[in-house]
Amino acid sequence: MTSQRTRNRLVQRLREAGIKNDEVLEVIAQTPRHLFVDEALAHRAYEDTALPIGNGQTISQPYTVARMTEILLAAGPLNRVLEIGTGSGYQTAILSPLVGKLFSVERIEPLHEKARLRLQKLNYRNVHLKLSDGTWGWPEHGLYDGILAAAAPEDVPDSLLQQLADGGRLIMPVGTHEQKLVLITRHGEHFSRKTLESVRFVPFLPGVQR
Ligand code: SAH
């Protein structure tokens, strides 16, 4: 149930759903998603669905992970990337081999701790994690060529825009009742904004929860 064949079936499904970036699909084929959920759910890890990870949060749906990664990478290689909402660390694991350095913040301590141990054990060396409210980004390591968030605020926090490098891209869900993926590209002091497909994410919440 966690075999290479099962993973390849997921990749085939993602291809049929419209994911085109072969590098992204290859990383998904190589990544053991069953190690990012509780053992009791491992048999469902290669279904294309979100699954509970505790603390009221979910591991993102593989399609959404693939889609956001593909959009983030579409303009060329990314040297420094910031992720908001580490959660299980699955999206982190998908981004890690595709970018230079990856910085990821999570506001819920038990999830942050679990993801830290898991990513360490699996040897993701270019990943840096922090327990923190992602509203403030992670200014010490910016500016970032790419920013990706896996939780939906009412609108994109201004501090994240400020941590985007010139030419950098930000992708995140935005909205409360209805959420859409929003892609923002920075051109100097101008930010161009594109609204893409509808999505469903957990809410972007303030503060740290211990
Ligand atoms: N990509 C992750 C998604 C986890 S769900 C995965 O596949 O596992 C989104 C995560 O965002 C949750 O863990 C939630 O706690 C976190 N989150 C929500 N608001 C946040 C904020 N302001 N700062 C940091 N993390 C936040």
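Since the structure is predicted, the reported quantities are computational estimates derived from the model, not experimental observations.

Caption draft 1: Expanded view of the site of the ligand. Contacts to the ligand come from 25 residues, most closely from S60, S88, E106, G134 and L205. Contacts to the ligand include S88, whose side-chain N or O atom sits 2.6 Å from an oxygen atom. Measuring from a nitrogen atom of the ligand, one finds a backbone N or O atom of G134 at 2.7 Å. Relative to its unbound accessible area of 580 Å², the ligand is 99% covered by the protein chains. Going through the elements one at a time, β2 (57-59), α4 (90-95), β4 (101-106) and β11 (202-203) are the ones with two or more residues in the shell around the ligand. In the shell around the ligand, the residues fall into 12 nonpolar, 10 polar and three charged.

Caption draft 2: Layout of the packing of helix α1 (residues 4-16) against helix α2 (residues 22-30). One way to put it is that α1 packs onto α2 with a least axis distance of 8 Å and a crossing angle of 150°. One element, α1, and the other, α2, form an angle in the roughly antiparallel class. The hand of the α1/α2 crossing is right-handed. For the pair α1 and α2, contact is made by Q4, R7, N8, L10, V11, L14 and R15 and by D22, L25, I28, A29 and Q30, respectively.

Caption draft 3: A look at the sheet that holds strand β3 (residues 80-84). The strand order across the open sheet formed by seven strands is β5-β4-β3-β6-β8-β9-β10, and the pairing between neighbours is mixed. The open sheet terminates on both sides in strands that have one partner only, identified here as β5 (127-131) and β10 (190-199). Recorded for the sheet is a direction-independent mean angle of 15° between the axes of neighbouring strands. Where strand β6 (residues 144-149) lies against strand β8 (residues 164-174), four bridges are found, and the strand directions are parallel. In the strand pairing of β8, I147 is matched with L170. Running at roughly 160° to β8, helix α3 (residues 62-73) makes contact with β3, β6, β8, β9 (179-187) and β10 of the sheet. Where helix α5 (residues 109-121) meets the sheet, it contacts β4 and β5, and its direction lies at approximately 160° from that of β5.

Thresholds, definitions, all that
Residues numbered from 1 in each chain as written. Predicted model: local features only at pLDDT ≥ 70, side-chain atom pairs only at ≥ 80, totals over all residues. Heavy atoms only, no water. Near = heavy atom within 4 Å. Polar contact = N/O pair within 3.5 Å; in protein donor to acceptor, adjacent residues only side chain to side chain. Areas by Shrake-Rupley, 256 points an atom, 1.4 Å probe, with all protein chains shown as cover. Helix = DSSP H or I, 4+ residues; strand = E, 2+ residues; numbered from the N terminus. Nonpolar A, V, L, I, M, F, W, Y, C, P; charged D, E, K, R; others polar. Axes fitted to C-alpha atoms, helices over the stretch in contact; angles between N-to-C directions. Parallel < 35°, antiparallel > 145°, perpendicular 65-115°, else oblique. Left-handed = near helix turned anticlockwise from the far one by under 90°. Contact = heavy atoms within 4.5 Å. Pairing = 2+ DSSP bridges.

Such coordinate-based values are descriptive only and should not be taken to indicate function.
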